[in-house]
Amino acid sequence: MANHKSAIKRAKQNERRRIHNRTIRSAYRTEIKKFNALIDAGSKEEATAALPAVQKVIDKACSKGIIKKNSASRKKSRLTISLNKALAAA
């Protein structure tokens, strides 16, 4: 446990930031799961409409430093590819 005043403050700040980051990470993972569920269910129109919202959540997580830029780009690309495959299969 922290003994100095500055270390105590730093520990409190780290805990607040950890909780904040966890909520953003959870929200972005949930959106990806919802999108994948739409594709698996065959709701192609809904999935097409949901893709920009999912990409926005991923971009927000990237801008907050929750995930790195290349990771965000890779996730968005894979979601788009999965949607295009589902549309082509129809």
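Look a little higher up for the structure.
Quick notes on the rules
- Residues numbered from 1 in each chain as written.
- Predicted model: local features only at pLDDT ≥ 70, side-chain atom pairs only at ≥ 80, totals over all residues.
- Heavy atoms only, no water.
- Helix = DSSP H or I, 4+ residues; strand = E, 2+ residues; numbered from the N terminus.
- Rg over C-alpha atoms; globule rule 2.2 N^0.38 Å.
- Buried < 20%, exposed > 50% of the residue type's maximum accessible area, 1.4 Å probe, protein only.
- Contact = heavy atoms within 4.5 Å.
- Areas by Shrake-Rupley, 256 points an atom, 1.4 Å probe, with all protein chains shown as cover.
- Core = buried A, V, L, I, M, F, W, Y, C linked by side-chain atoms within 4.5 Å.

1. Points about the overall build of the protein chain
Step number 1: Secondary structure summary: the protein chain contains 3 helices and 0 strands in total.
Step number 2: Taken from N to C terminus, the helices and strands of the protein chain fall in the order α-α-α.
Step number 3: The C-alpha atoms of the protein chain give 18 Å as radius of gyration, which overshoots the globular expectation for 90 residues (12 Å, by more than 25%).
Step number 4: Principal-axis analysis of the C-alpha atoms gives the protein chain an extent of 65 × 25 × 15 Å.
Step number 5: Within the protein chain, buried positions represent 22% of all 90 residues.
Step number 6: Across the protein chain, contacts joining residues at least 24 apart in sequence account for 60% of those joining residues at least 6 apart.
Step number 7: Summing over all exposed atoms, the protein chain offers an accessible surface of approximately 6700 Å²; the carbon and sulfur share of this is 52%.

2. Structural notes on the nonpolar core
Step number 1: Counting 17 residues, the largest nonpolar core has F35, I58 and L79 as its most contacted members.
Step number 2: Elements represented by at least two residues in this core include exactly α1 (5-41), α2 (44-63) and α3 (69-89).
Step number 3: Of the residues forming this core, the biggest block, 6 residues, is contributed by α2.
Step number 4: If we skip the residues at most four places from it in the chain, L79 touches I32, F35, N36, L51, V54 and I58.

Take it as geometry only, folks, not as evidence of what the structure does.
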